[in-house]
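Report on the structure
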Amino acid sequence: TMLHVRNYCNDTAVHCQSEHSVRQVGILRGTHVVDTTGAGDAFIGGYILAKLFGPSQPDDDDVDPIQFALSFGAWVAGRKVAGPGPRSALPKGKEVDEELGNTKDAIQKALVSKLSPFKCV
């Protein structure tokens, strides 16, 4: 993708080029949806948390940091929609440790087992 921005005040131009990819993440298995209020915010919060504290480089187990963050965000959002209002069902740190584990490897394995592929019907 090429982006061209021109500033007509001082006749300068900036050219940027970047690559984009589309990734897919699953949905939390067995979730009964009660309220979707705040689900997007929960997803983004989980994604950012995983980007900050999760793997930063693919490691020996080939954990993709972006896929890890997307999966964690999906898990947080999946937990959120199971309760009413924007915050009542958000997982607390202790619940993350209990359900997913407290190491990056344990969390990755748990996320793979808890998320189902998203399928269009």
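This is a predicted model, so every value here is computed, not measured. (Residues numbered from 1 in each chain as written. Predicted model: local features only at pLDDT ≥ 70, side-chain atom pairs only at ≥ 80, totals over all residues. Heavy atoms only, no water.)

Time to look at the overall build of the protein. Within the protein, the regular secondary structure consists of four helices and four strands. Along the chain direction, N to C, the helices and strands of the protein fall in the order β-β-β-α-α-α-α-β. Counting all 121 residues of the protein, 30% fall into the buried class. Looking at the protein alone, contacts between residues at least 24 apart form 61% of all its contacts between residues at least 6 apart. A total accessible area of about 8400 Å² is found for the protein, and carbon and sulfur atoms account for 57% of it. (Helix = DSSP H or I, 4+ residues; strand = E, 2+ residues; numbered from the N terminus. Buried < 20%, exposed > 50% of the residue type's maximum accessible area, 1.4 Å probe, protein only. Contact = heavy atoms within 4.5 Å. Areas by Shrake-Rupley, 256 points an atom, 1.4 Å probe, with all protein chains shown as cover.)

Summed over the entire model, instances satisfying the criterion amount to four salt bridges. Of the charged contacts in the structure, one is a salt bridge between Asp64 and Arg23, with a shortest N-O distance of 2.2 Å. With Asp64 in the loop between α1 (39-53) and α2 (65-80) and Arg23 in the loop between β2 (12-17) and β3 (27-28), the pair connects residues that are 41 residues apart, well separated along the chain. Looking at Asp64, the relative accessible area reads 27%, which means it is partly exposed. Between Arg79 and Glu95 there is a salt bridge; the shortest N-O distance is 3.7 Å. Of this pair, Arg79 sits in helix α2 while Glu95 sits in helix α3 (residues 93-100), and the two are 16 residues apart along the sequence. With relative accessibility at 15%, the residue Arg79 sits in the buried group. Assessed through its relative accessible area of 27%, Glu95 is described here as partly exposed. Within the structure, one salt-bridge network assembled from shared partners comprises Arg79, Glu95 and Glu99. (Salt bridge = Lys/Arg side-chain N within 4 Å of Asp/Glu carboxyl O.)

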